[in-house]
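# Structural characterization, general
Take a look at the letters that make up each chain.
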Amino acid sequence: DTGVSQDPRHKITKRGQNVTFRCDPISEHNRLYWYRQTLGQGPEFLTYFQNEAQLEKSRLLSDRFSAERPKGSFSTLEIQRTEQGDSAMYLCASSRDSYSPLHFGNGTRLTVT
Amino acid sequence: AQKITQTQPGMFVQEKEAVTLDCTYDTSDQSYGLFWYKQPSSGEMIFLIYQGSYDEQNATEGRYSLNFQKARKSANLVISASQLGDSAMYFCAMREDLIQGAQKLVFGQGTRLTINP
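Small disclaimer: the values here were computed from a predicted structure and weren't measured. (Residues numbered from 1 in each chain as written. Chains lettered and ligands numbered in written order. Predicted model: local features only at pLDDT ≥ 70, side-chain atom pairs only at ≥ 80, totals over all residues. Heavy atoms only, no water.)

### Details of unusual backbone geometry
Cis geometry marks the peptide bond from aspartate 7 of chain A to proline 8 of chain A; its omega dihedral reads -5°. Mapped onto the elements, proline 8 of chain A comes out in the loop between strand E1 (5-7) and strand E2 (10-13). Positive phi, normally seen in glycine, also occurs at lysine 73 of chain B, with a value near 55°. For lysine 73 of chain B, the position within the fold is in the loop between strand E8 (64-69) and strand E9 (74-79). Assessed through its relative accessible area of 30%, lysine 73 of chain B is described here as partly exposed. With phi around 45°, alanine 81 of chain B is a residue other than glycine that occupies positive phi space. Following the sequence through the fold, alanine 81 of chain B ends up in the loop between E9 and strand E10 (88-95). (Helix = DSSP H or I, 4+ residues; strand = E, 2+ residues; numbered from the N terminus. Buried < 20%, exposed > 50% of the residue type's maximum accessible area, 1.4 Å probe, protein only.)

### Topic: the pattern of salt bridges
Applying the stated rule across the entire model yields seven salt bridges over all chains. Arginine 64 of chain A serves as the salt-bridge partner of glutamate 83 of chain A, at 3.4 Å between the closest nitrogen and oxygen. Taken together, the positions of glutamate 83 of chain A in the loop between strand E8 (75-79) and strand E9 (88-95) and arginine 64 of chain A in the loop between strand E6 (53-57) and strand E7 (65-68) put the pair 19 residues apart, joining distant regions of the chain. Classification of glutamate 83 of chain A as partly exposed rests on a relative accessible area of 41%. A relative accessible area of 10% means that arginine 64 of chain A is categorised as buried. Here arginine 63 of chain B ties to aspartate 86 of chain B by a salt bridge, and the two come within 2.8 Å at their closest N and O atoms. Of this pair, arginine 63 of chain B sits in the loop between strand E7 (60-61) and E8 while aspartate 86 of chain B sits in the loop between E9 and E10, and the two are 23 residues apart along the sequence. On the accessibility criterion, arginine 63 of chain B (24% relative accessible area) is partly exposed. One continuous salt-bridge network, built from bridges that share partners, spans Arg64, Glu83 and Asp86 of chain A. (Salt bridge = Lys/Arg side-chain N within 4 Å of Asp/Glu carboxyl O.)

### Regarding the interface of chain B and chain A
Each side of the interface is counted separately: chain B has 21 residues, and chain A has 26 residues. Summed over both sides, the interface between chain B and chain A buries roughly 1,900 Å², with carbon and sulfur atoms accounting for 52% of that surface. Scanning the region where chain B abuts chain A turns up one salt bridge. Note that lysine 104 of chain B and glutamate 56 of chain A form a salt bridge whose closest N and O atoms lie 3.1 Å from each other. Our enumeration of links across chain B and chain A arrives at eleven residue pairs in polar contact (both at pLDDT 80 or more). Within the residue set of the side of chain B that touches chain A, elements represented by two or more residues are strand E5 (33-39), E10 and strand E11 (105-107) of chain B. (Contact = heavy atoms within 4.5 Å. Buried area = accessible area lost by both parts, 1.4 Å probe. Polar contact = N/O pair within 3.5 Å; in protein donor to acceptor, adjacent residues only side chain to side chain.)

### What to know about the layout of surface pockets
Each pocket or cavity is described by its volume, and for the second largest pocket that value is around 280 Å³. Every residue lining the second largest pocket is counted, 17 residues in all, and those nearest its centre are Gln37 and Arg109 of chain A together with Gln39, Met89 and Arg112 of chain B. With three residues, the top contributor of residues to the lining of the second largest pocket is E10 of chain B. When grouped by side-chain class, the residues that make up the lining of the second largest pocket number six nonpolar, nine polar and two charged. (1 Å grid on protein atoms, 1.4 Å probe; cavity = no way out; pocket = protein on both sides within 12 Å on 5 of 7 lines; lining within 4 Å. Points joined across faces, edges and corners; volume = space filled by probe spheres on them. Nonpolar A, V, L, I, M, F, W, Y, C, P; charged D, E, K, R; others polar.)

### Some thoughts on the side chain of lysine 38 of chain B
Residues and elements named next belong to chain B. Among the structural elements, lysine 38 can be located in strand E5. Buried charged residue lysine 38 carries no salt bridge. Nearest counter-charge: aspartate 86, at 4.3 Å. In terms of polar contacts, lysine 38 uses its side chain to reach the backbone carbonyl oxygen of glycine 85, at 2.8 Å. Setting aside residues up to four positions removed in sequence, lysine 38 forms contacts with Glu44, Met45, Ile46, Leu48, Gly85, Asp86, Ala88, Met89 and Tyr90. (Lys, Arg positive; Asp, Glu negative; His and termini not counted.)

Written as C-alpha cells, this is what we have:
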C-alpha cells in the first residue's frame, strides 16, 4: 500500500493560464475523488469516479474545470483560464468501495497570481 | 445549513493528557457515517476513525475513540495519552446518502490541536 500520490505538490501560475494536476490512487481502489480545500476551511467535494466513469460532479466544478480518469487508474484535474479564486489545496482521495474510508493524498497547493 | 459543527477553533493540551474534540452534526438520514481526519502541516488528510450510524458500539482505534451519542447528534473524538505528534488540525466529516456510490463527505471547519511538552 503506497498511498495516494499527487503531483505536483505546489503550483504557482499566473491568472489566465491552464494547469493540470495528477493523482495516482491506491492500486486496488476503484473509487477516486477530488476535493478542494481553501484556507481555514474543511475540504469540499468536487467530483467522483468509479473506475473510468465520472458519476458525480459538484456545482463548485465550473466549466473551466475538467477531470478525467481515462483507464480507471490515475486521474487528472485540469483548470482552464485560472482565476485568483482558484487558489486552494486540491486533494485527491480513493477508496476500495462505497463504504470504506477515503484515503487522501498530500494534495496539490495551487497559487494563482 | 451547516451540517458539521466543530465549536473549538483551537485546543491546547499538556502532553500525556487526554483530549476531547467536539463534533455535532445535523442530518435527517437514518443511515450515515461519521469520520475523523487529522491534517498535519504537511497537508495530507489522515484517516483516524469511523462510526456508522447503526453501529451500537463506540468505535476505537488505538489511542483514538469516538464518543457517539446519536440522540444528541454528537461524535466527539477522544485522544488518550496525547503525544507531541498529535499536534495538527482535526476534521470531523459526515457521509450522507450515497449517490451513484459516491462518498460525498461534508467536513467541519476543523479544530487546531496543540500539544505542549
